[in-house]
Amino acid sequence: MPNWRRAHVPGGTFFFTLVTHSRQRFLTSPMAIRILRAKFRECRRNWPFNSQAIVVLPDHLHTIWSLPRGDENFSGRWAFIKREFTKEWIASGGQEGTTTDGQQNDDRRGVWQTKFWEHTIESEEDFESHFDYIHYNPVKHGYVTCPSNWRWSSLHRYQNLGVYPRDWACAGRTVPDFANIEEQMGE
């Protein structure tokens, strides 16, 4: 049985991966993006956090959050976002995957995987590699050949701020090495 221990680092910075149920490919639909944005905003109003970077792909998302000083409750925030997203998604006509009798008895719906993956950011170098990993992810999965061609990414904000050049990690350019992150995640 897996050991689902979570980090308890008040005021920490964390990298997360959330995956849809059975890897259903709906997260980049206009309705899902609208609902996801609304639930992030609503969550932030109630339980502040700083979203440092994010990318949304059809079947998963990656993000880096920094929590306020003394606050370690990222699990509560994710529970709220997933629960409220699921309610609005289904109410708006969004599809859900099939669930087992046990999942139904636990009031789980076929929208998100039950758990999420989390990594505590431990240094500036660790932050930078996960930051780049998030922004390169659409290329890694073959959706685009240049990260700036992916619409649902915070990369555009950082290009406008001059953090990344417009052609960062495009085909023919130097591609970052993410072997350490992929090894951590079991990819």
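What counts, and at which threshold
Residues numbered from 1 in each chain as written. Predicted model: local features only at pLDDT ≥ 70, side-chain atom pairs only at ≥ 80, totals over all residues. Heavy atoms only, no water. Helix = DSSP H or I, 4+ residues; strand = E, 2+ residues; numbered from the N terminus. Contact = heavy atoms within 4.5 Å. Core = buried A, V, L, I, M, F, W, Y, C linked by side-chain atoms within 4.5 Å. Buried < 20%, exposed > 50% of the residue type's maximum accessible area, 1.4 Å probe, protein only. Pairing = 2+ DSSP bridges.

Caption draft 1: Geometry of the side chain of Asn 137. Mapped onto the fold, Asn 137 is located in helix 4 (residues 124-140). Among residues more than four places away in sequence, those in contact with Asn 137 are Val 55, Leu 57, His 60 and His 62.

Caption draft 2: Region of interest: the nonpolar core. Among the nonpolar cores identified, the biggest contains 26 residues, and Trp 65, Trp 78 and Phe 85 are the most heavily contacted of them. Put simply, the parts of the chain that give this core at least two residues each are strand 1 (13-19), helix 1 (30-46), strand 2 (50-56), strand 3 (60-66) and helix 2 (74-91). Setting aside anything within four residues of it in sequence, one finds Phe 85 in contact with Phe 26, Leu 27, Ala 32, Ile 35, Leu 36, Lys 39, Val 111 and Trp 112. Counting 22 residues, the second-largest nonpolar core is a separate cluster that includes Ala 53, Ile 121, Trp 150 and Ala 169.

Caption draft 3: Highlighting the pairing of strand 2. For strand 2, the tally of buried residues reaches 6 of 7 residues, placing the bulk of the element in the interior. Alignment of strand 2 against strand 3, held across 6 bridges, turns out to be antiparallel. Residue pairing in the sheet places Val 56 in a bridge with Leu 61 of strand 3. Here strand 2 folds back onto strand 3 in antiparallel fashion, the turn holding 3 residues.

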